[in-house]
Amino acid sequence: MARWLHVLGLLATAAGPLAKAGEDAWGEAANGLRCRLAAERAEVPVGADAVFQLHFRFDPAGVDPKLNILNRFLEARRVRMTFSDAKTGKKFGRQPDDGWRNMPPSAWPRDFVELRGKPPEPRRLAVHLLTEAGEQLPPGTYSVELAYENDGKPELEFSTQPDGSLVQRPYSGPWKFWTGKLAAPPIHLTVVPAEAGDIEVKSHSALDIKVSKEGVGYSWSEKDPRVIRLTRRPGYILGMAYETHVFLDGKEASEHGGGLSSSTWLAGGESFLPPEAAKQVLAGAALRIRLDVTIFETSVPPGHMWNPQGGDYKALWTGAVEGALPAGAKEKK
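Please read all numbers here as calculations on a predicted model, not as lab measurements.

Some thoughts on the overall build of the protein chain
Point 1. Within the protein chain, the regular secondary structure consists of 1 helix and 23 strands.
Point 2. Here the C-alpha atoms of the protein chain give a radius of gyration of 27 Å, more than 25% beyond the 20 Å that 2.2 N^0.38 yields for 333 residues.
Point 3. When the backbone C-alpha atoms are referred to their principal axes, the protein chain occupies close to 85 × 60 × 30 Å.
Point 4. For the protein chain, with 333 residues in total, the buried portion stands at 42%.
Point 5. Of the contacts made within the protein chain by residues no fewer than 6 positions apart, 75% connect residues no fewer than 24 positions apart.
Point 6. A total of about 17,800 Å² of accessible surface is found on the protein chain, and carbon and sulfur atoms cover 51% of it.
Point 7. Each charge class in the protein chain can be summarised by its mean position, and for the 41 positive and 41 negative side chains these summaries are 1 Å apart.

See below:
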């Protein structure tokens, strides 16, 4: 759910006013490298993603002449951010989302940047103000601090194979990788109040079922979509879960299935009955399929092996979607 936000200007230290674009507010150097932080918006609502730019600058004077590579692979995981409420002093820790939620990441040549040239491109950091556990960053004015630590690992290089593919291997030199800890001068961010809001979502009202050479298939019907009105808390993600129930001649089959999606509209896919159930339908049994549907909100963003109930989860709507075939249905040509 990352949001593309307009750049409104760079921000200065927590002790001073908001900075104008171009003002220098760099942290102290370590091994020739220093960093600063800028916010793409100075004000965001409760539950939003706050988007920042992490800038680096390298000065080779007095530094090991072989030091030249910054490992930017999974750089967001090397960042820790602290939001300090200017009024209460209460601190909230947050970490940027690196886009690899529960997925094995892959390193690419672009992740390994030479420092002795043009300055590295700034890294865009999207920070969920609502945590996966459902902890909101309350309204207020915050001093935002960033700590960065890099051990240089993995130290990799890449070679291009005759077929155009890339092969990674341990780096053999001649350069050294930058290692160290950095801190960016704090900047200001204001979080403004936001309340739960009403939204309308499109969902399915029926299933399409057909008999074909591939078997007995069913899919979400695109006909007569239903519009459901919901109230969602700020920053929460909508999702849909469903449980499948198959009835043959009025008796429920023993096998069940289901699914989970971050969308309420799933037209386009097709599922098939298990072979034993399909065999009974082809032998003349009447078929009814019912999907018990739950539309929910959760504080856990979708990703590989998504577990929305692992956070702050709330069911917003429940209902059923059905389809049927009469006894003796034949294959559609």
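Once you've had a look at it, read on.
What about the environment of His188?
Point 1. Here His188 shows up in strand E13 (residues 180-192).
Point 2. Along the primary structure His188 and Asp312 are separated by 124 residues, whereas in three dimensions their C-alpha atoms are 28 Å apart.

Details of the sheet that holds strand E3 (residues 49-58)
Point 1. One open sheet accounts for 3 strands, arranged E1-E3-E8; its pairing is antiparallel. The open sheet is flanked by strand E1 (33-39) and strand E8 (123-128), the only strands paired with a single partner. Adjacent strand axes in the sheet meet at a mean angle of 30 degrees when their direction is disregarded.
Point 2. Pairing of E3 with E8, which is carried by 6 bridges, proceeds in the antiparallel orientation. Bridging from a neighbouring strand, Asp49 pairs with His128 of E8.

Regarding the sheet that holds strand E5 (residues 79-85)
Point 1. Taken in spatial order, the 5 strands make up an open sheet running E2-E13-E9-E5-E6, and their pairing is mixed. Across the chains shown, the open sheet's two edge strands, defined by having one partner strand only, are strand E2 (43-45) and strand E6 (91-94). Adjacent strand axes in the sheet meet at a mean angle of 35 degrees when their direction is disregarded.
Point 2. Where E5 meets E6, 4 bridges bridge the pair, whose relative direction is antiparallel. Note on E6: the bridge partner recorded for Thr82 is Gly93.

Thoughts on the nonpolar core
Point 1. Counting 36 residues, the largest nonpolar core has Phe52, Met81, Phe83, Val144, Leu146, Tyr148 and Trp178 as its most contacted members.
Point 2. Listed by contribution, the elements that provide at least two residues to this core are E1, E3, strand E4 (67-71), E5, E8, strand E9 (140-150) and E13.
Point 3. Among the nonpolar cores identified, the runner-up in size contains 24 residues, and Val201, Val216, Leu273 and Val281 belong to it.

Things to note about the pairing of E1
Point 1. Summarising burial for E1: 6 of the 7 residues are buried, a large majority.
Point 2. Bridge analysis of E1 against E3 gives 7 bridges, and the strand direction is antiparallel. Residue pairing across strands places Ala39 opposite Phe52, the latter belonging to E3.

Focus: helix H1 (residues 275-282)
Point 1. What H1 keeps buried is the set Ala277, Ala278 and Val281. The arc enclosing the buried residues of H1, seen along the axis, measures out at 100 degrees, which places them on a common side. Set apart from the buried face of H1 by more than 90 degrees, the exposed residues are Pro275, Glu276, Lys279 and Leu282.
Point 2. For H1, the secondary structure elements touched by its buried residues are strand E16 (215-220), strand E18 (237-248), strand E22 (287-298) and strand E23 (313-325).

So, how was this worked out
- Residues numbered from 1 in each chain as written.
- Predicted model: local features only at pLDDT ≥ 70, side-chain atom pairs only at ≥ 80, totals over all residues.
- Heavy atoms only, no water.
- Helix = DSSP H or I, 4+ residues; strand = E, 2+ residues; numbered from the N terminus.
- Rg over C-alpha atoms; globule rule 2.2 N^0.38 Å.
- Buried < 20%, exposed > 50% of the residue type's maximum accessible area, 1.4 Å probe, protein only.
- Contact = heavy atoms within 4.5 Å.
- Areas by Shrake-Rupley, 256 points an atom, 1.4 Å probe, with all protein chains shown as cover.
- Lys, Arg positive; Asp, Glu negative; His and termini not counted.
- Charge placed at Lys NZ, Arg CZ, Asp CG, Glu CD.
- Pairing = 2+ DSSP bridges.
- Axes fitted to C-alpha atoms, helices over the stretch in contact; angles between N-to-C directions.
- Core = buried A, V, L, I, M, F, W, Y, C linked by side-chain atoms within 4.5 Å.
- Arc of directions from axis to C-beta.

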